[in-house]
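Spelled out, the chains give:
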Amino acid sequence: MIYDALIIGRGPAGISCAIYTARANLKTLVIGLFGSSLVKADKVENYYGFEMPIGGKELLIAGEKQAKRLGAEIIDEEIVNIEKADHFKVTTTKNIYEAHTVLLATGSPNIKAPVKKIDKFEGSGVSYCTVCDGFFYRNKKVGVLGYTDYAVHEAMELLPFTSDITIFTNGMPLKLSDENQKELSRFSINTEKIAELYGGENLEGILFEDGRKQELSGLFVAYGSASSISFALKMGIMTDGKSILVNDKMETNIPGLYAAGDCTGVFKQISVAVGQGAIASRQMIETVRKMRKDG
Ligand SMILES: Cc1cc2nc3c(=O)[nH]c(=O)nc-3n(C[C@H](O)[C@H](O)[C@H](O)COP(=O)(O)OP(=O)(O)OC[C@H]3O[C@@H](n4cnc5c(N)ncnc54)[C@H](O)[C@@H]3O)c2cc1C
């Protein structure tokens with residue numbers, strides 16, 4: 001089945017968009033983890049319509065209930081890849097979903113992996129994009145920095161280029177689905193705490209806290225969940241390095257792909273995310289209606 005509107009992210013931007021697309025009779029799917037920034041907000045008192053402060057979690061749950069009542073489907077899965085050919089294919093750690101239009105509403109991009117000197121080697125051994133840079137590391141020794149399903153997905157993307165792949169968790173326990181747990185035997189796993197990366201002009205390896213070293217040609221960062229910026233790098237979505245670039249209709253440079261909320265880097269507030277989600281929905285609705293009319 002191909003969804004009309006597939007929304008990535010269950011925060012205010014994504015859910016607001018889903019409310020509009022579902023009410024406009026678009027087959028709407030929201031995919032995301034319950035990981036909105038709002039989960040951390042104890043009290044919100046600047047959002048319209050609430051006389052007394054409301055908890056961030058409470059607001060999120062109310063929004064999801066509203067979207068579901070109106071016909072949107074919401075599923076709790078982690079997205080690891082988005083591709084576009086005829087239509088969009090969105091890969092989670094469990095399934096692949098297809099859609100005519102997609103909204104990126106993934107919130108603020110992840111904070112950088114907490115490893116010293118990672119910035120120094122960005123572009124000279126440290127990469128955030130296996131699709132873009134995997135080819136440069138044919139038959140070389142590479143690492144993936146991460147501990148979740150996303151890290152395993154990125155390690156699998158590197159397999160056509162090299163079999164010498166180590167997943168470095170930097171002291172974090174692995175957090176994997178059963179399916180990815182089965183794939184682990186294809187890689188080496190290192191769970192030691194990293195002190196820093198080392199090298200001259202290019203990355204040469206990892207120095208661990210106990211003073212030991214591990215030589216490496218390349219290190220791919222997949223720490224936590226894939227962020228809007230990781231998707232942008234893989235799909236060629238234009239960014240300013242930190243945020244997705246959109247026009248005033250919330251369109252990205254890729255037809256049919258929209259972005260809203262904190263991932264666009266505008267004033268990071270619920271009201272703005274909700275508003276941008278609504279604007280994006282109008283374009284998604286128009287696009288799908290035109291497709292239906294054209295047959
Ligand atoms: C502590 C705190 C307090 C705040 N207080 C206020 C306040 O009082 N008032 C106010 O207006 N704003 C407040 N904000 C800001 C507000 O939370 C954000 O502006 C708003 O949540 C942005 O909405 P969003 O939908 O763009 O992103 P988010 O709400 O962050 O939602 C992002 C969604 O994308 C999902 N996601 C991301 N990547 C993936 C992936 N790879 N796979 C699956 N799912 C993914 C996340 O799990 C989440 O569901 C606060 C923020 C913080 C951190």
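This text follows the structure it describes.
About the cut-offs
Residue positions are given per chain, counted from 1 along the sequence in the order it is written. Selection of residues for local features in this predicted model requires a pLDDT of at least 70, selection of side-chain atom pairs for listing and counting requires 80 or more, and totals for whole chains, interfaces and linings are taken over all residues. Only the C-beta atom matters for this test: placed from the backbone, it must lie within 6 Å of a molecule or strand for the residue to be near it. Strands here mean DSSP runs of E at least two residues long; helices mean DSSP runs of H or I at least four residues long; both are numbered from the N terminus. Each residue is assigned to one of three groups, with Ala, Val, Leu, Ile, Met, Phe, Trp, Tyr, Cys and Pro labelled nonpolar, Asp, Glu, Lys and Arg labelled charged, and all others, Gly among them, labelled polar. A pair of strands counts as paired when DSSP detects no fewer than two bridges linking them. All axes are obtained by fitting lines to C-alpha atoms, using only the stretch in contact for helices, and the reported angles, taken between N-to-C directions, cover 0 to 180 degrees.

A. Just the site of the ligand, in detail. By nearness alone, 32 residues border the ligand, and Gly 9, Gly 11, Gly 35, Gly 107 and Gly 261 come closest of all. Where the shell around the ligand is concerned, the elements lending two or more residues are α1 (12-23) and α7 (270-294). By residue class, the composition of the shell around the ligand is 12 nonpolar, 15 polar and 5 charged.

B. Examining the sheet that holds strand β10 (residues 188-190) more closely. Strand order in this open sheet of 5 strands is β7-β14-β8-β9-β10, and the pairing throughout is parallel. Both edges of this open sheet fall to β7 (126-127) and β10, since each of them pairs with a single strand only. Bridging between β7 and strand β14 (residues 218-221) involves 2 bridges; their strand directions are parallel. Paired with Ser 127 across the bridge in β14 is Phe 220.

C. Representation of the sheet that holds strand β12 (residues 203-208) in the model. If you trace the 3 strands from one edge of the open sheet to the other, you get β11-β12-β13, paired in antiparallel fashion. Every interior strand has two partners, whereas the edge strands, β11 (194-199) and β13 (213-215), have only one. In this sheet, adjacent strand axes meet at a mean angle of 25° when their direction is disregarded. Of the pairings in the sheet, the one linking β11 to β12 comprises 5 bridges and is antiparallel in character.

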